[in-house]
Amino acid sequence: MSNARLREDICRYGRSLFERGLTPGSSGNISVRLDDGGWLVTPTNASLGFLDPARLSHLDAGGRHVSGDKPTKEIPLHSALYETRGAARAIVHLHSTNAVALSMLPEIDPRAALPPMTPYCLMRAGQIALLPYYRPGDPAVADAIRGLAGKYASVLLSNHGPVVASDTLEAAVFATEELEEGAKLYLMLRNLNPRYLTPAQVKDLVREFNLDLPIVDDHGHPHDPDD
């Protein structure tokens, strides 16, 4: 895909996310990795609803700013995900309300922030890791991402928001949307003893759609096979 087309796609998806209230103000950021290893990334303090294709930040393969506006301060976050998720070509980071709320609940399992509620949340977002709080732009978040060893394409930053990597920008956007809807469902059903997908149902999804999910325990929750 051409550089110009990727720029247009970043702006188009950013506007869609903004207009639906999934990332307010100048929050959130998007990056796409180019064939030469460089990136296109949204600028710092830029609203995803009003991006200019010509002003997107262009970084080289070493993460150095080549052209466009100054890039988002979340570069360490994106860099670590690209480093550990070799197949990733796009990353979406939002401050979506329900996912942020989910990240603040005390009972959330850091290895599986959402239980298996719907097939599409598992199929798009997969298992979701929860990381501790880091201030926005803190380089230490990169080490936390590296500590996940590439096992998670979807990560929830405590008191901050979701960050999702995928092989295309469209897939990353769709996965982030499914994560947000999953968080919304969890908040709606919290303490109501909902019926989650069974281990057999999850294993069927893994087999049918070749999902990269960890082993499922007897309660239907994905868990780390190294435990």
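Computed from a prediction, not measured in an experiment: that's the story for all the values here.

Enquirer: Tell me about the side chain of Glu74, and name the residues and values.
Expert: Among the structural elements, Glu74 can be located in the loop between strand S4 (65-67) and helix H2 (75-84). Buried Glu74, no salt bridge; nearest opposite-charge side chain is Lys73, N-O distance 6.0 Å. Polar contacts involving the side chain of Glu74 include one to the main-chain amide nitrogen of Gly137, which spans 3.2 Å.

Enquirer: Explain a nonpolar patch on the surface residue by residue, including any values.
Expert: Together, Leu185, Met188, Leu189 and Leu192 make up a nonpolar patch on the protein surface, roughly 360 Å² of accessible area in all. Along the chain, Leu185 turns up in helix H6 (residues 169-189). With a relative accessible area of 31%, Leu185 lands in the partly exposed category.

Enquirer: For the packing of aromatic side chains, give the residues involved together with the corresponding values.
Expert: Aromatic ring pairs are defined here through the distance separating the ring centres and the angle between the ring planes. Applying the stated rule across the entire model yields 2 aromatic pairs. Between the aromatic rings of Phe18 and Phe50, the centroid separation amounts to 5.5 Å while the plane-to-plane angle is 70°, which identifies the pairing as edge-to-face. In this pair, Phe18 sits in helix H1 (residues 3-19) while Phe50 sits in the loop between strand S2 (39-41) and strand S3 (57-59), placing the two residues 32 residues apart along the sequence. Between Trp39 and Tyr82, the ring centres sit 5.3 Å apart and the planes meet at 55°, which makes this aromatic pair tilted. Placement of Trp39 in strand S2 and of Tyr82 in helix H2 is noted, with a sequence separation of 43 residues between them. Between the NZ or CZ atom of Arg12 and the centre of the ring of Tyr13, over which it lies, the distance is 4.8 Å.

Enquirer: An account of the nonpolar core is requested, with residue identities and associated values reported.
Expert: Core analysis: the largest hydrophobic core is formed by 22 residues, its most contacted members being Leu131, Ile145, Val155, Leu157 and Val163. When residues of this core are traced back to their parent elements, those giving at least two are S2, H2, strand S6 (128-131), helix H5 (140-146), strand S7 (154-157) and strand S8 (161-166). With near-sequence residues (within four places) excluded, Ile145 lies in contact with Leu77, Ala80, Leu81, Thr84, Leu131 and Val155. Ranked by size, the runner-up nonpolar core spans 20 residues in total, among them Ile30, Leu34, Leu40 and Ala90.

Enquirer: Residue-level account of the pairing of S7, with values.
Expert: Judged by which residues are buried, S7 turns out to be covered on both faces: Ser154 and Leu156 on one side and Val155 and Leu157 on the other are all buried. As paired elements, S6 and S7 share 4 bridges and run parallel to each other. The residue bridging Leu131 from the neighbouring strand is Leu157, located in S7. Crossover connection from S6 via H5 to parallel S7: handedness right-handed. Strand direction decides the pairing type here: S7 and S8, joined by 4 bridges, are antiparallel. Considered in S8, the bridge of Ser154 is made with Val164. Joining the antiparallel neighbours S7 and S8 is a turn of 3 residues, in which Asn159 adopts a positive phi near 60°.

Criteria and cut-off values
Residues numbered from 1 in each chain as written. Predicted model: local features only at pLDDT ≥ 70, side-chain atom pairs only at ≥ 80, totals over all residues. Heavy atoms only, no water. Helix = DSSP H or I, 4+ residues; strand = E, 2+ residues; numbered from the N terminus. Buried < 20%, exposed > 50% of the residue type's maximum accessible area, 1.4 Å probe, protein only. Lys, Arg positive; Asp, Glu negative; His and termini not counted. Salt bridge = Lys/Arg side-chain N within 4 Å of Asp/Glu carboxyl O. Polar contact = N/O pair within 3.5 Å; in protein donor to acceptor, adjacent residues only side chain to side chain. Patch = residues over 30% accessible without salt bridge, like charges linked within 9 Å, V, L, I, M, F, W, Y side chains within 5 Å. Areas by Shrake-Rupley, 256 points an atom, 1.4 Å probe, with all protein chains shown as cover. Phe/Tyr/Trp six-rings, centres within 6.5 Å; stacked < 30°, edge-to-face > 60°. Lys NZ or Arg CZ within 6 Å of the ring centre and 35° of its normal. Core = buried A, V, L, I, M, F, W, Y, C linked by side-chain atoms within 4.5 Å. Contact = heavy atoms within 4.5 Å. Pairing = 2+ DSSP bridges. Right-handed = clockwise from strand over helix to strand, strands pointing away.

Honestly, it's all geometry; don't read function into it.
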